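The residues making up each chain are set out below.
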Amino acid sequence: MSSAEIAKQIHEDVDQILKGLSIKDQEIVLKEAHNIVESLKRIEQITSKVKAQA
C-alpha cells in the first residue's frame, strides 16, 4: 500500500468515526487531532534543527 493510499484510508476511517459521534464529541476529537498535528510540527522543527547542527 502506498503512502497516498494509506493517507486516503486514514482519512476515510476518521470520517467514518466522526460520523458516529455527537457534535460535541466531534469537536473534542478534532481539537485533540489539531493538538497532535501541532506536536508533530514541533517535532519536525526540532528534528530539522538537530540535523542542521550535525
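This section reports on the structure supplied with the text. (Residues numbered from 1 in each chain as written. Predicted model: local features only at pLDDT ≥ 70, side-chain atom pairs only at ≥ 80, totals over all residues. Heavy atoms only, no water.)

1. Let's talk about the overall build of the protein
- Secondary structure assignment for the protein yields two helices and zero strands.
- The C-alpha atoms of the protein give 15 Å as radius of gyration, which overshoots the globular expectation for 54 residues (10 Å, by more than 25%).
- C-alpha atoms of the protein, sized along the principal axes, occupy 45 × 30 × 5 Å.
- Burial analysis of the protein (54 residues in total) assigns 2% to the buried set.
- Element-wise, carbon and sulfur atoms account for 60% of the exposed surface of the protein, whose accessible area totals about 5000 Å².
- Considering the protein, the positive charge centre built from 8 side chains and the negative charge centre built from 9 side chains are found 7 Å apart. (Helix = DSSP H or I, 4+ residues; strand = E, 2+ residues; numbered from the N terminus. Rg over C-alpha atoms; globule rule 2.2 N^0.38 Å. Buried < 20%, exposed > 50% of the residue type's maximum accessible area, 1.4 Å probe, protein only. Areas by Shrake-Rupley, 256 points an atom, 1.4 Å probe, with all protein chains shown as cover. Lys, Arg positive; Asp, Glu negative; His and termini not counted. Charge placed at Lys NZ, Arg CZ, Asp CG, Glu CD.)

2. A word on the pattern of salt bridges
- Counted under the stated rule, the structure contains one salt bridge.
- Between Lys41 and Glu38 there is a salt bridge whose closest N-O contact spans 3.5 Å. Of the two residues, Lys41 and Glu38 both sit in helix α2 (residues 23-53), three residues apart, roughly one turn of that helix.
- Of the residues examined, Glu38 reaches a relative accessible area of 26% and is grouped as partly exposed. (Salt bridge = Lys/Arg side-chain N within 4 Å of Asp/Glu carboxyl O.)

3. Some details on a nonpolar patch on the surface
- A contiguous nonpolar patch, built from Met1, Ile6, Ile10 and Val14 and spanning about 410 Å² of accessible area, is present on the exposed surface.
- With respect to the helices, strands and loops of the structure, Met1 is situated in the segment before α1 (3-19).
- We classify Met1 as exposed; its relative accessible area is 74%. (Patch = residues over 30% accessible without salt bridge, like charges linked within 9 Å, V, L, I, M, F, W, Y side chains within 5 Å.)

4. Structural notes on the environment of Thr47
- For Thr47, the location among the structural elements is in helix α2.
- Within the local environment of Thr47, its side chain forms a polar contact with the backbone oxygen of Ile43, the two atoms lying 2.8 Å apart. (Polar contact = N/O pair within 3.5 Å; in protein donor to acceptor, adjacent residues only side chain to side chain.)

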